[in-house]
Amino acid sequence: MSDQTTPDRERALHLFKQMLRVRRMEEKCAEMYSAQKIRGFLHLYIGEEAIAVGVMESLRDDDAVVATYREHGHALVKGMSMNCLMAEMYGKMSGCSRGRGGSMHLFSKKHRLYGGNAIVGGGIPLATGLALADKMQGRDRVTVCFFGEGAVAEGEFHESMNLAELWNLPVLFCCENNLYAMGTALDRSESQPDIHLKAASYGMHSSQVDGMNVREVEKAAKSAVDAVRRGEGPRFIELRTFRYRAHSMFDAELYRTKTEVQQWRERDPLANYLDYLEREDLVDDDELARIEQEVIEEVEQAVEYAENADWEPVEELTRFVYSEEKE
Ligand SMILES: Cc1ncc(C[n+]2csc(CCOP(=O)(O)OP(=O)(O)O)c2C)c(N)n1
């Protein structure tokens, strides 16, 4: 892997393409939701792409990721195919969770993506446990846990910070602070809205980073992941970001103004990174058009795959409700 602080052309374009894949996939999901092809809940990550992309670049394939219900981007950049993700959103049998999980429960043991978790804060003790297992078995793997700032109001956040630091576990906590937990503004619910200070109060090494800037995210994540892998204990990064879309597809967004959303859109991670690429002469129009085309084709193919995929037969409806008989 090349030096990540001085991106060469290929590497810079790779980061851009990864963010674009997440964005275009989710725009298509929103469209398919309106067409009632995707049902249930759907929480979009649009506006936050720089975080999943910037952090995941520092990971090895055998590192683990735990995320929340806003995890489409994490699953995609961890290496899962867009086909199996789209099929899962459609509820089809060839989806990554056999169509039984849907948007909030993407999972792949092979890619070590341990959810997709609908319970706010639910992934934090899970990630802590995965890291404990790695430490006890002497493996140099890292577990990264993504969660929203709403999770810091849960007791399990505090229990996990305490134990991760006390036991010096190989885990990186990434708090995606988009300022709103559904309709609850951070400043109205937390006496200390600088989330990284909460982790610091447990003795954990923590920092705050601009989550709209993929280069900043990547730099911070690389240094944190390297330290965790060296056995220097857990790290915590608070990433300041914003979701452009509503909390989920059912949200009238009465808690924030259009002006506020517009102001954050001006800091768009893709548009600003593209400006940087153009300024540094790292991309030309032809390359940009090629990348756009490749991504559009990937999304179209994923939709086609999901459309043509099979539903689980009704006879299997109760399968996996109880564990199956062993031979
Ligand atoms: C334990 C629990 N309590 C409440 C809810 C309902 N709920 C779903 S999303 C959400 C807000 C979480 O916000 P945040 O953690 O900041 O994540 P974001 O949606 O901003 O990414 C709440 C309260 C839940 N799913 N789980």
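Residues numbered from 1 in each chain as written. Predicted model: local features only at pLDDT ≥ 70, side-chain atom pairs only at ≥ 80, totals over all residues. Heavy atoms only, no water.

Student: Describe the confidence of the model for the protein chain, listing the residues and the values that go with them.
Tutor: Here the protein chain averages 95 in pLDDT, and 98% of its residues register 70 or above. Confidence drops under a pLDDT of 50 for residues 1–5, and excluding neighbours within four residues, the segment shows 11 contacts in the predicted structure. (pLDDT = per-residue confidence, 0-100. Contact = heavy atoms within 4.5 Å.)

Student: I'd like to hear about the UniProt feature "domain: Dehydrogenase E1 component" (unreviewed entry) in the protein chain, residue by residue, with values.
Tutor: Within this structure's numbering, the places UniProt gives as "domain: Dehydrogenase E1 component" (unreviewed entry) are residues 18–310. For residues 18–310, helix accounts for 46% and strand for 11%, while the C-alpha atoms at its two ends are 28 Å apart. (UniProt positions renumbered as here; feature names shortened; annotations may be inferred. Helix = DSSP H or I, 4+ residues; strand = E, 2+ residues; numbered from the N terminus.)

Student: Pulling in residues and values, what's your account of the packing of helix 1 (residues 9–34) against helix 4 (residues 82–90)?
Tutor: At a minimum axis separation of 12 Å, helix 1 and helix 4 run at an interaxial angle of 25°. In terms of axis orientation, helix 1 runs roughly parallel to helix 4. Relative to helix 4, the crossing made by helix 1 is right-handed. Across the interface between the two elements, Arg 21, Met 25, Lys 28, Cys 29 and Met 32 of helix 1 pack against Met 82, Leu 85, Met 86, Met 89 and Tyr 90 of helix 4. (Axes fitted to C-alpha atoms, helices over the stretch in contact; angles between N-to-C directions. Parallel < 35°, antiparallel > 145°, perpendicular 65-115°, else oblique. Left-handed = near helix turned anticlockwise from the far one by under 90°.)

Student: Break down the pattern of salt bridges for me, with residues and values.
Tutor: The tally for this structure, following the rule as stated, stands at 32 salt bridges. Here Asp 63 ties to Arg 229 by a salt bridge, and the two come within 2.7 Å at their closest N and O atoms. Pair noted here: Asp 63 is in the loop between helix 2 (49–56) and strand 1 (64–66) and Arg 229 is in helix 9 (residues 214–229), with a separation of 166 residues, a long-range link. Among the ionic pairs, Glu 294 bridges to Arg 290, the shortest N-O distance being 3.3 Å. (Salt bridge = Lys/Arg side-chain N within 4 Å of Asp/Glu carboxyl O.)

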